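Now for the letters of each chain:
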Amino acid sequence: MQIDFITIFPDFFRGPLDYGIIRRAREAGLVKIEVRDLRVHTRDRHRTVDDRPFGGGEGMVLKPEPLFECVESLKVAPREERAAARQSVVLLSAQGLRFDQALAAELAELDRLVLICGRYEGVDERVGTHLADREISIGDYVLSGGELGAAVIADTVVRLIPGAVGNEASTRQESFFAGQEINGSDSKVEDAHSAPSQGSVAQGRLRPSTPDSTCGSGGLLDYPHYTRPAEFRGMKVPEVLVNGNHEEIRRWRRRSALEKTLRNRPDLLDQARLSEEDRDLLAEIAASAEQ
Ligand code: SAM
């Protein structure tokens, strides 16, 4: 996969993409990352990328010409052929489709992802309507520029590329994972979960988990993790995790994930496909809350 960032601040990306999983994925040749300086595609002495808005109003707007020329210089497929070519040009925008794990899984299927970072008051609307395939927002708040959002998207997408995360099973148990999993006490492989995303998105893309996966998240928040020491300043690791009974550990983790999701993100429960066992556990949780 290749990811291109288009930005007026190319140095911004020194750092966020040079560590950990992304760095290793780059070194392993799983992803190629290119940062494109938008000002290269200006024609005037001052390398102007912005101008005042038509109709008046606050701030400056990124001009269309450098952005169109920059994307064209990347030799991506024409807009109408991009999906078939497994390419996408994305404009970062607070007004866009909200980014989530399912959309990340869809983007991770691409061969080429171009991320356009806006600045100032935003980007000439023609970029969104005629150049980009979609606008994506990383959340309901306004950033100063698209660079942080683009880095968030790149990080999330790259770790879904097969081979990027050493232990692929770990991505299946993570919060929001919506692919196939082993779920329930009979370890029956459930169908892919419908992804809790707002757009037309792919189902989770990872292969069905193997029996070593103790608990696929199935769209729930992740369960709590503990490591050594078993007791720290009087705070003990739950007994069940050190008793070596795998079935009890699996059940405890599932119950904890349900509890945490109910507490912090009850909206996710509506979309998660719950097993019989999950429903029993939720009933248990509700009963213990009433005591
Ligand atoms: N006037 C715009 C609005 O109210 O929606 C905000 C412009 S913002 C100051 C400048 C740039 O930051 C945007 O063009 C976009 O690229 C980026 N940006 C801001 N918030 C974002 C978000 N939540 N998600 C993704 N990109 C964002």
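Our structure's up above, just so we're on the same page.
A brief look at the structure comes next. Please read all numbers here as calculations on a predicted model, not as lab measurements.

1. A word on the pattern of salt bridges
Should their charged atoms come close, side chains of opposite charge can pair.
Piece 1. Going through the model one piece at a time under the given rule, you end up with 23 salt bridges.
Piece 2. As a salt-bridge pair, Arg 254 and Asp 278 come within 2.8 Å of each other at their nearest N and O atoms. Of this pair, Arg 254 sits in helix 7 (residues 246-264) while Asp 278 sits in helix 9 (residues 276-290), and the two are 24 residues apart along the sequence.
Piece 3. The exposure class assigned to Arg 254 is buried, which follows from its relative accessible area of 2%.
Piece 4. Each member of the salt-bridge network shares a partner with another, and the members are Glu 247, Arg 250, Arg 251, Arg 255, Glu 259, Glu 277 and Glu 284.

2. As for helix 5 (residues 147-158)
Piece 1. For helix 5, spanning 12 residues, the distance from its first C-alpha to its last is 16 Å, which sits close to the expected 16 Å at 1.5 Å a residue.
Piece 2. Every buried residue of helix 5 is listed here: Glu 147, Gly 149, Ala 150, Ala 151, Ile 153, Ala 154, Thr 156, Val 157 and Val 158.
Piece 3. Taken together, the buried residues of helix 5 touch strand 1 (2-7), helix 1 (20-27), strand 5 (87-98), helix 3 (101-107), strand 6 (112-116) and strand 7 (134-137).

3. A look at the sheet that holds strand 2 (residues 32-37)
Piece 1. Strand order in the open sheet made by the 5 strands is 2-1-6-5-7, with parallel pairing throughout. Strands with a single pairing partner mark the edges of an open sheet, and in this sheet they are strand 2 and strand 7. When strand polarity is set aside, the average angle formed by the axes of neighbouring strands in this sheet is 30°.
Piece 2. Relative to strand 6, strand 1 runs parallel, the two being bridged by 5 bridges. The residue of strand 6 that forms the bridge with Ile 6 is Ile 116.
Piece 3. The strands touched by helix 5 are strand 1, strand 5, strand 6 and strand 7; relative to strand 1, the strand with the most contacts, the crossing angle is about 175°.

Cut-offs applied
- Residues numbered from 1 in each chain as written.
- Predicted model: local features only at pLDDT ≥ 70, side-chain atom pairs only at ≥ 80, totals over all residues.
- Heavy atoms only, no water.
- Salt bridge = Lys/Arg side-chain N within 4 Å of Asp/Glu carboxyl O.
- Helix = DSSP H or I, 4+ residues; strand = E, 2+ residues; numbered from the N terminus.
- Buried < 20%, exposed > 50% of the residue type's maximum accessible area, 1.4 Å probe, protein only.
- Expected span 1.5 Å × (residues − 1).
- Contact = heavy atoms within 4.5 Å.
- Pairing = 2+ DSSP bridges.
- Axes fitted to C-alpha atoms, helices over the stretch in contact; angles between N-to-C directions.

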